[in-house]
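Chains, contacts and geometry: an overview
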Amino acid sequence: MAKRQIMTLTTDFGRRDPYVAVVKGVVLAACPQAQIVDVTHDIPPFDVLAASLVLGQVAPWFPPQTVHVVVVDPGVGTDRHILAGRFGGQAVVFPDNGVITSLAAALPLEELAIVPAARFAGGASRTFHGRDIFAPVAALLLNGGEIPKLGPLPATYKLLDIPAARVEGRTVVGQVVYVDHFGNLVSNISQAQVVEWLGRLDNLVVSLAGRPVGPLEGSYGFVPDGQALAVIDSMGCVEIAVNRGSAAAALGAGFGAEVRVELA
Amino acid sequence: MAKRQIMTLTTDFGRRDPYVAVVKGVVLAACPQAQIVDVTHDIPPFDVLAASLVLGQVAPWFPPQTVHVVVVDPGVGTDRHILAGRFGGQAVVFPDNGVITSLAAALPLEELAIVPAARFAGGASRTFHGRDIFAPVAALLLNGGEIPKLGPLPATYKLLDIPAARVEGRTVVGQVVYVDHFGNLVSNISQAQVVEWLGRLDNLVVSLAGRPVGPLEGSYGFVPDGQALAVIDSMGCVEIAVNRGSAAAALGAGFGAEVRVELA
Amino acid sequence: MAKRQIMTLTTDFGRRDPYVAVVKGVVLAACPQAQIVDVTHDIPPFDVLAASLVLGQVAPWFPPQTVHVVVVDPGVGTDRHILAGRFGGQAVVFPDNGVITSLAAALPLEELAIVPAARFAGGASRTFHGRDIFAPVAALLLNGGEIPKLGPLPATYKLLDIPAARVEGRTVVGQVVYVDHFGNLVSNISQAQVVEWLGRLDNLVVSLAGRPVGPLEGSYGFVPDGQALAVIDSMGCVEIAVNRGSAAAALGAGFGAEVRVELA
């Protein structure tokens, strides 16, 4: 039976231009049996932090040997490197601009190489490396190419400085780091941190930007429609939501808003 | 030759968050040969009626044995059931909130089971059953699992109360039930009802919100650009449109507006 | 090994309605092994020129024998023809409304046929030929059907009148023909034309709507953040951009704005 080869694609290309399909065409021309999954093309233009968080949440759920390609690359055509790495069995092709930060925190680094751009850049443009370098490198990996044979190890690679939650006395202090499509406000406070620092998940009060929201509920539908609540979300983090509504809209809060968890 | 296994995915997740790709990753990890088709991820958040209408129009066009997964699920984490059913050869995994209404009206129910959530919910979150329950159940069905072996028959399941067209004397009275991307206003009056109740498709006048639009035209391009018209649409329903324009914008009408068909 | 059969789909259907998935369902029912790639469904409604430019940029990057389907078809249901053609090894199914213009300029015509609509239109609607004619014709081609056996050669076919760049003395004069998701302003002046008419790519000044932008830079990151620049883009055309910003927004220019290239 033919082996399926899975690739994901995360970009800030949007969806109305030719760019996404061109990348796929180049991959399929070299690896016709590739199965390409769109992660999103709606990363805000040039937003490396948002791309990092999305990639870090998506990649661990894919089968081993998946090739993840991330083209959020405002430095295209400059001397920034393109890297290919393997983290916990997942291969990733990405610009060395910190976009790997969340994934590198979640999965162990196993292999890493600098992509030799000149080898792929015969007639390469200087503005669309997604097509001219990322896509052929992805096809090479999908076709069984090995990362260590691709190029030299980088001396170091860039990581973003993502804010971390901390404990102050008996209060866990963090902030909103992601606002999703529903308007849910995802914080950087994990369930594990709450348990470690406060010793419990019940009898707590979560507050947002200085205003109490309530205890940790079981899920959205545990409070009346339109009411705000706190919950442990699907990634294991404290999230502020509104049942059948948008917390971002209803509470007027967004990226960076302070989140606190303390004993009731 | 490898059997292809087709799955569709309908959600209100939007397209910029990790959620859609995470569901796909879980399915592909268990069933690498799955072919996953996005129906839409732009169902308005929590809009079970819109999801029902889209699913009901899409599913019948897919080959038998397709697995349709619908995650428009504001009750996630509460005691609402997740059901798996077979309707006219199409398998569907859906929350028991009425989202199956249109499909159940179009295709005959053949099998139905309550998904035993606890069996899939080892470490399941209470906020993302798309990932933790719907996706593994879909993979199980794609891999040949049988619905009757999945869980018990529900005593009953929820259907939405969708407004139906009616006849008053020699007038068919209905309403706009869907407004599409082009601004076309789709009514709940079918061609079959017009023929049954009025005995003809010509020499009719269609009106919208009390204002006459005109007779049933052959297609959009049968009237000048910018002019309103009525037409039997691709689902066999009376639709109000504007040639190369938006009826919703031009006529200021939307969901719920009254549509009447009567003799000219 | 099973042969993979690749199809692309370009429409103005948007992404929230059932239409895109219905087309895919019809194709997959007839050709379950098809691999369907979305080009875009966000062509502005009825914008045949935009669809032409996107198709012309995408198709050449796909492997030979790919079947490209374009449904931007405001004349659906009228007497306009649906054509099937082969251009440089790429098969295309398209309405005869000029949408083939850019592709026909890039790749040589090899085969062309009028689709016999009546053969596919047993119960065909008059408003959704994407489902009733384009999809079954695409499936027929994916399954090995030959274009010349499909129907008669058209006497002629429609091409759009796309504005061309020209040289005036030592100045190349063109205009913005495409504005992408990033706000990049793509002109109809090619690198080849600049070299042919001015004999060089350095020591030039590019201006937009009468205001000088600067020389041709290597890539976006060669100027400070927020600064405008000119660059040869990935399609080989002169493009006006803003580093990590939107030229359309920052410079207040769009489709049709004059672009000039002259000696510095």
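These numbers were taken from a predicted model, which means no experiment stands behind them.

All names here are of chain A. The strand order across the open sheet built from six strands is S2-S1-S3-S5-S4-S6, with neighbouring strands paired in mixed fashion. Because the sheet does not close on itself, it has two edges, and the strands there are strand S2 (34-40) and strand S6 (109-114). Taken over all neighbouring pairs, the strand axes of this sheet differ in orientation by 20 degrees on average, direction set aside. Summarising the sheet, strand S1 (residues 5-11) and S2 pair through six bridges and their orientation is parallel. Bridging from a neighbouring strand, Ile 6 pairs with Gln 35 of S2. In the packing of helix H1 (residues 19-30) onto the sheet, contacts are made with S1 and S2, and the angle to S2 comes to roughly 155 degrees. Here helix H5 (residues 129-142) sits on the sheet in contact with S1, S2, strand S3 (67-71), strand S4 (82-87) and strand S5 (90-95), set at roughly 170 degrees to S3.

Screw-axis analysis of chain C against chain A gives a translation of 0.0 Å along the axis, an RMSD of 0.0 Å, and a rotation angle of 120 degrees. Put plainly, the chains are arranged around a three-fold axis. Little of the interface of chain C is mirrored in chain A, where only 9% of its interface residues are also at the interface.

Let us look at the pattern of salt bridges. Residue and element names in this part refer to chain B. What the rule picks out here adds up to 30 salt bridges over all chains. Between Asp 42 and Arg 15 there is a salt bridge, with the nearest N and O atoms lying 3.5 Å from each other. Of this pair, Asp 42 sits in the loop between strand S2 (34-40) and helix H2 (48-58) while Arg 15 is found in the loop between strand S1 (5-11) and helix H1 (19-30), placing the two residues 27 residues apart along the sequence. Overall, the relative accessible area of 29% leaves Asp 42 in the partly exposed class. Arg 200 is the partner of Asp 202 in a salt bridge, and the nearest nitrogen-oxygen pair spans 3.3 Å.

Listed by partner, the interface residues are 34 residues for chain C and 33 residues for chain A. With both sides pooled, the region where chain C packs onto chain A buries about 3000 Å², and carbon together with sulfur makes up 61% of that total. It is Trp 61, His 181 and Phe 182 of chain C in chain C that bury the most area against chain A; as a group they hold 21% of the surface buried on that side. Inspection of the region where chain C meets chain A yields zero salt bridges. The tally of links from chain C across to chain A stands at 13 residue pairs in polar contact (both at pLDDT 80 or more). Listed by contribution, the elements that provide at least two residues to the side of chain C that touches chain A are strand S2 (34-40), helix H2 (48-58), strand S8 (171-179) and strand S13 (228-232) of chain C. Ranked by the residues each element gives to the side of chain C that touches chain A, the list is headed by S2 of chain C, at five residues. Its residues assigned to classes, the side of chain C that touches chain A comprises 17 nonpolar, ten polar and seven charged.

Cut-off values and rules
Residues numbered from 1 in each chain as written. Chains lettered and ligands numbered in written order. Predicted model: local features only at pLDDT ≥ 70, side-chain atom pairs only at ≥ 80, totals over all residues. Heavy atoms only, no water. Pairing = 2+ DSSP bridges. Helix = DSSP H or I, 4+ residues; strand = E, 2+ residues; numbered from the N terminus. Axes fitted to C-alpha atoms, helices over the stretch in contact; angles between N-to-C directions. Contact = heavy atoms within 4.5 Å. Least-squares fit on C-alpha atoms with pLDDT ≥ 70 in both. Salt bridge = Lys/Arg side-chain N within 4 Å of Asp/Glu carboxyl O. Buried < 20%, exposed > 50% of the residue type's maximum accessible area, 1.4 Å probe, protein only. Buried area = accessible area lost by both parts, 1.4 Å probe. Polar contact = N/O pair within 3.5 Å; in protein donor to acceptor, adjacent residues only side chain to side chain. Nonpolar A, V, L, I, M, F, W, Y, C, P; charged D, E, K, R; others polar.

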